[in-house]
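# Structure assessment
Chain by chain, the residues:
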Amino acid sequence: MINAQYLPKPDLTNHENPIEMAFTEKIKAPQPPQQDKQNQFLTKEECHEEVMNWLSLHLPQLQKDDAVRYCDCLIQDGFDSVDMLGDVMEEDLPFMKKAHKRNLIQRMKKSNKAKE
């Protein structure tokens with residue numbers, strides 16, 4: 001037999017009757033996040049983060065100074081989102097060191113083949 005004195009007491013501060021409380025509380029289904037139509041564009045910080053993440057994915061051993069410079073150049077040329085970076089071609093990368101450029105192009109080709 002259970003001794004009622006050791007059971008936790010229900011919180012009745014907002015409801016008078018615990019049975020009524022069980023039936024009146026609404027269970028809310030998770031709602032999808034609402035898109036803010038006024039803020040549908042990326043901020044400068046979001047662009048910078050996306051491009052840096054893309055660079056670190058494709059050139060993981062890149063030095064920080066090179067990554068920052070490449071990121072700034074890519075954003076300045078309009079490659080400011082992952083979607084836009086998907087269209088990068090070798091001739092878009094004159095600011096890159098030769099080895100970095102070759103490695104990036106090879107990795108992008110492999111990535112595109114994997115998607116097909």
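Here's what I pulled together on the structure shown here. The model shown is predicted, which means the values in this text are computed figures rather than measured ones.

What follows concerns the packing of helix α2 (residues 44-58) against helix α3 (residues 64-76). In the contact formed by α2 and α3, the axes pass within 10 Å of each other and the chain directions differ by 125°. Our classification of the angle between α2 and α3 gives oblique. Note that α2 runs across α3; the crossing there is right-handed. Along the contact surface, α2 presents C47, H48, V51, M52, W54 and L55, while α3 presents A67, V68, Y70, C71, D72, L74 and I75. By residue class, the composition of the contact of α2 with α3 is eleven nonpolar, one polar and one charged.

To continue, consider α2. End to end, α2 covers 21 Å across 15 residues, agreeing with the expected 21 Å (1.5 Å per residue, within 8%). Taken together, the buried positions of α2 are occupied by C47, V51, W54, L55 and H58. The buried residues of α2 occupy an angular sector of 100° when projected down its axis, which confines them to one face. What points out from α2, more than 90 degrees from its buried face, is the exposed set E45, E49 and L57.

What counts, and at which threshold
- Each chain has its residues counted from 1, running along the sequence as written.
- Note on the predicted model: pLDDT of at least 70 is required for a residue's local features to be given, and 80 or more for side-chain atom pairs to be given and counted; whole-chain, interface and lining totals, by contrast, use all residues.
- Based on all heavy atoms of the structure, the side-chain values leave hydrogens and waters out of the count.
- To define axes, lines are fitted to C-alpha atoms, for helices over the stretch in contact only, and angles between the resulting N-to-C directions are given on a 0 to 180 degree scale.
- By definition, any uninterrupted DSSP run of H or I lasting at least four residues is a helix, any uninterrupted run of E lasting at least two residues is a strand, and each is numbered from the N terminus.
- An angle below 35 degrees is read as roughly parallel, one above 145 as roughly antiparallel, one from 65 to 115 as roughly perpendicular, and any other as oblique.
- Crossing handedness follows the turn of the near helix against the far one: under a right angle anticlockwise gives a left-handed crossing, and clockwise gives a right-handed one.
- Any two residues having at least one pair of non-hydrogen atoms within 4.5 Å are treated as being in contact.
- Gly is placed with the polar residues, together with every amino acid not listed as nonpolar (Ala, Val, Leu, Ile, Met, Phe, Trp, Tyr, Cys and Pro) or charged (Asp, Glu, Lys and Arg).
- The span expected for a helix works out to 1.5 Å for each residue beyond the first.
- Exposed residues in this analysis have more than 50% of their type's maximum accessible area, buried residues have under 20%, and partly exposed residues fall in between, with area computed by a 1.4 Å probe over protein chains only.
- Taken from the helix axis, the directions to the C-beta atoms give the arc we talk about.

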